[in-house]
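Descriptive analysis of the structure
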Amino acid sequence: QARALTPQTAETDAIRFLVGTQSLRYDNQIHIIDFDDENNIINKNVLLHQVGEIWHISTSPADKGVLATCYNKTSDTKVMTCAAVWRMPKELESGSHESPDDSSSNTQTLELLCHLDNTAHGNMACVMWEPMGDGKKIISLADNNILLWDLQESSAKAVLSSSAALEGKGQLKFTSGRWSPHHNCTQIATANDTAVRGWDTRSMRQIYCIENAHGQLVRDLDFNPNKQYYLASCGDDCKVKFWDTRNVTEPVKTLEEHSHWVWNVRYNHSHDQLILTGSSDSRVILSNMVSISSEPFGHMVDDDELSDQEDQHQEEKIKEPLQDSVIATYEEHEDSVYAVEWSSADPWLFASLSYDGRLVINRVPRALKYHILL
């Protein structure tokens, strides 16, 4: 069983994903999945993660060998969700297409770099790396706390540099968060219950709040990589919503294609009209949200390059923004899809993971790819 998936962010040449398992009975593992797209072969290496079931996994944007996990630890009848930073063995750091000769016998172990000490703060929900950074700054969400850490001494030590807490009635808990790639990486967004909030990482103060962003629990968030202020959210009301954080009274767009909780929403890093969502309805949906993308009219063509006849045709085309639509629905999973992620090496490739441990790798349909590129 598995619910944690991430691309290896620092690996931009080879197609590579990491999956974390969630088993109560066995030692848990991180599976390094290398996809050789020329031969359509998946190679797998397994690393032991001996500390507990993995709930969340994220990779350093700067160092291929470094990753963070949130995992369950049982002590004296109490279960805590902790977080730690790890290094994988040197020979596994970069995506190689050579499959190990005998993968069954040489399972290796992750090297612990440091714990993100959360004894005072509660259960860890997720760990986020500063998107454009040198891999030294991370934020973790623990119950109702936002904790900003500095990794020192080649990540062997984590120092808490600042924090903020959610104030309010009841048991407030963060479910997820995202670090914005814009504004010099000084903003993050968090989800708790039905609310989405923005925070400034310099002052650790709240900068906006979308009170009832969804009718039920908000599960995931993602920022548009090419268009600042644009944020996507999804949740248990089966909806995906798109927000302009400068005016949060109403979503800019809402997608209602799933029939159960939506666990995940991801913008494509290169072509921000492409949106991936995964849901407990066992489906992965790829949508084309052109109208709110950074190129709502497609690629603009210089007038000088067109003949008169083409010119007229082109002008008609420009007046008409392309329509938002669902491009494809993928039904290869038989269980809840807990994670969808784009490859960090190939913008046309994505992976999805369902709870039964099935990982599926898919491509954006070729016709659409050429439509976007040409």
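These numbers come from a predicted model, not from an experiment.

Take the overall build of the protein next. Broken down by element type, the protein carries 2 helices and 28 strands. Once the C-alpha set of the protein is aligned to its principal axes, its extents read approximately 75 × 55 × 40 Å. Looking at the protein as a whole, 52% of its 374 residues are labelled buried. Within the protein, contacts between residues separated by at least 24 positions form 50% of all contacts whose residues are at least 6 apart in sequence. With the model as given, the accessible surface of the protein reaches about 17400 Å², and the carbon-plus-sulfur share is 44%.

The positions UniProt marks with the feature "repeat: WD" (unreviewed entry) are residues 211-247. Taken end to end, residues 211-247 comprises 0% helix and 46% strand; its first and last C-alpha atoms sit 13 Å apart.

Our next topic: the pairing of strand β28 (residues 359-363). Relative to β28, strand β27 (residues 349-354) runs antiparallel, the two being bridged by 5 bridges. Counted as the bridge partner of Leu349 is Arg363 from β28. Linking β27 to β28, which pair antiparallel, is a turn of 4 residues; within it Gly357 sits at a positive phi near 90°.

Another point: the domain arrangement of the protein. Each domain of the protein was delimited in the assignment, giving domain 1 (1-91 + 106-165) and domain 2 (172-295 + 320-373). Spacing between the C-alpha centres of domain 1 and domain 2 amounts to 21 Å. Taken together, the 42 residues of domain 1 in the interface contact 37 residues of domain 2. Interface of domain 1 and domain 2: buried area, both sides summed, is about 3100 Å²; carbon and sulfur atoms make up 73% of it. One can count 0 salt bridges joining domain 1 with domain 2. Inspection of the region where domain 1 meets domain 2 yields 7 residue pairs in polar contact (both at pLDDT 80 or more). Counting residues per element, the side of domain 1 that touches domain 2 draws most heavily on strand β1 (residues 2-7), which supplies 6 residues. Tallied by class, residues from the side of domain 1 that touches domain 2 come to 24 nonpolar, 11 polar and 7 charged.

About the criteria used
- Residues numbered from 1 in each chain as written.
- Predicted model: local features only at pLDDT ≥ 70, side-chain atom pairs only at ≥ 80, totals over all residues.
- Heavy atoms only, no water.
- Helix = DSSP H or I, 4+ residues; strand = E, 2+ residues; numbered from the N terminus.
- Buried < 20%, exposed > 50% of the residue type's maximum accessible area, 1.4 Å probe, protein only.
- Contact = heavy atoms within 4.5 Å.
- Areas by Shrake-Rupley, 256 points an atom, 1.4 Å probe, with all protein chains shown as cover.
- UniProt positions renumbered as here; feature names shortened; annotations may be inferred.
- Pairing = 2+ DSSP bridges.
- Domains from an automatic or database assignment.
- Buried area = accessible area lost by both parts, 1.4 Å probe.
- Salt bridge = Lys/Arg side-chain N within 4 Å of Asp/Glu carboxyl O.
- Polar contact = N/O pair within 3.5 Å; in protein donor to acceptor, adjacent residues only side chain to side chain.
- Nonpolar A, V, L, I, M, F, W, Y, C, P; charged D, E, K, R; others polar.

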